[in-house]
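Each chain, letter by letter, is given below.
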Amino acid sequence: MTGETVIICPELAAGGVGDYTRRLLENLPRIAGLRLIVPRIGNRPARLFEQYPVEETDGTARGLRARLPARDGKVLVQYSAYGFDRCGYPRWLIKALLDWKEESQGTLAIMFHEIWAFWPIWNKNYILQQLHRRDLRRLLRVADVVFTSTLSQAEHLIALSPRCAIEVLPVGSNIRRAQATEGERETGLAVLFGLQRSRLRTLRKMHPELKSLGAAGKIRKIVTAGAGRSREGDDEELALLMELELIEGFDQRGPLPEEKISELLLACEFALSAQDELSITKSGTFMAAATHGLNIISCCADASKPEPLSLLTSPAELLKGFARTELKSRSEKLRQWQERTAAWPHIANQIARALEV
C-alpha cells in the first residue's frame, strides 16, 4: 500500500467529528486511493462515505498499524481523545502512529478536536492525564502538520512541544444556508438551537439576563430547536422558558431537517450562545449562527478582545440600547469573519495543502 491517503476518525455517525469529516470530504478535491479508518463503524456510513472505502480497526496498535500505508502515504488524524478511548487516553492510536511514522516516509497531519482532560492532582485520573500528555508530546515531535480548533488548545499544545507549529483552524458551520440571500428578519425573535443539554445550559446560565431582555422588549420570542431530547429535559426546558414571561412567548420545535434549521436562522434577529471564550471556535452551532448573519447574544462578548468576541453582543449593552445599524454592522462583520476563517472551502484548502493533494 503506497502513495495512499488515509483519514482516521473516531466515528462516522451524525454529530461531532463524524459531521466534520463529512463536510470536509464534501469540500476536498477527489483523492485517489483515499480510505477512511474508524475504530468502530456503528451506524451505517452516510452516502458520502460510500464514495471511499471505510475500514474498521479493532482498537489495537497492531490492528491499526496493519491498515496504514506501507510507505510514502499520507495520514490525517481527526483526534478526539474520548472519541477514540472512553478513558480519554487512546494509547493504542498514538503508538500505531509513532510506529508508522518511524518506519515510513509518510506525511502525518493531525487535527486536534480535543486534547487531554484537565484533572486536579488529587484526582485518580491525574496520572492518566500525565501519561497522555507525555505520549502526545512524542506525537507532536514527529507530526508534519498540526491543526486545532481553538486558541486555548493551541497554547496547551505549544507548551507541550514548543518547537511544533500549530495552526488554529476553527470548525465550520454544521448548517448550510438554505438561501443565497436572506429576507426580512423578525425583530425581537431569538433562536436557541443545538442538543438539548446545550440549550438547557444556555437557559440556566443566561436566565436572569434573558428575563431582563424580555421585560424590556428586546427579545419578544424564543424558538428552540434541536435533538437529544428527554422527558426530564423537556420539562426543565419548558419551565425555564415559561419563567422568562416573553411578550410573544416561545416555540419548542425539537429536531428539524437541516434546511428547516437554516430557514429558521434566516428568519431570526438573534441567536443565544452560552459557549465560553475558550471553546467558542469549535462550536458548530455558533458557527451556523455566524454564517447565517445573526447577532449573537453572549455573556463573553467583549469589544476589547479579538474577533469573534468583539463582534458579539452582550445582554447588558443590548439592554442599554444602540442603533440598529450597529447591530447590522456587527452581524455582517461576524459573517465575514466566519467566511474568512472557518468556511468549509477554507478548511478543506488548508487540510489539502497539508496533505499535498
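Bear in mind that the values here come from a model prediction, so they are computed numbers and not experimental data.

Novice: Quick rundown of the packing of aromatic side chains? Include the residues and the values.
Specialist: For any two aromatic rings, the description comes down to two numbers: the centre-to-centre distance and the angle of the planes. Under the defined criterion, the tally for this structure stands at 5 aromatic pairs. Relative to Trp 344, the ring of Tyr 20 lies with its centre 5.0 Å away and its plane at 75 degrees, an arrangement referred to as edge-to-face. Pair noted here: Tyr 20 is in helix α1 (residues 16–27) and Trp 344 is in helix α13 (residues 344–355), with a separation of 324 residues, a long-range link. The same class applies to Tyr 20 and to Trp 344, which are both buried. With centroids separated by 5.8 Å and ring planes inclined at 45 degrees, the aromatic side chains of Trp 116 and Phe 118 adopt a geometry described as tilted. Through a chain of ring-to-ring contacts, three or more aromatic side chains come together here, namely Tyr 79, Phe 84, Trp 92 and Phe 112.

Novice: Account for the sheet that holds strand β9 (residues 221–225), naming residues and giving values.
Specialist: One open sheet accounts for 5 strands, arranged β10-β9-β8-β11-β12; its pairing is parallel. Both edges of this open sheet fall to β10 (250–252) and β12 (295–298), since each of them pairs with a single strand only. Within this sheet the neighbouring strands show an average axis-to-axis angle of 25 degrees, counted without direction. As judged from the 5 bridges shared by strand β8 (residues 186–193) and β9, these two strands associate in the parallel manner. Among the inter-strand pairings, Leu 189 is bridged to a residue of β9, identified as Lys 221. Each of β8, β9 and β11 (268–273) touches helix α9 (residues 258–267); the most contacted strand, β8, lies at about 140 degrees to it.

Novice: Tell me what's going on with unusual backbone geometry, and back it up with residues and numbers.
Specialist: At the junction of Glu 307 and Pro 308, the peptide bond is cis and its omega measures out at 5 degrees in the coordinates. Here Pro 308 shows up in the loop between β12 and α11 (315–320). A positive phi is found at Glu 245, a non-glycine position, where the angle reads about 50 degrees. Here Glu 245 is to be found in the loop between α8 (231–244) and β10. A residue is classified by how much of its surface remains accessible, and Glu 245, at 63% relative accessible area, is exposed.

Reading the values: rules and limits
- Residues numbered from 1 in each chain as written.
- Predicted model: local features only at pLDDT ≥ 70, side-chain atom pairs only at ≥ 80, totals over all residues.
- Heavy atoms only, no water.
- Phe/Tyr/Trp six-rings, centres within 6.5 Å; stacked < 30°, edge-to-face > 60°.
- Helix = DSSP H or I, 4+ residues; strand = E, 2+ residues; numbered from the N terminus.
- Buried < 20%, exposed > 50% of the residue type's maximum accessible area, 1.4 Å probe, protein only.
- Pairing = 2+ DSSP bridges.
- Axes fitted to C-alpha atoms, helices over the stretch in contact; angles between N-to-C directions.
- Contact = heavy atoms within 4.5 Å.

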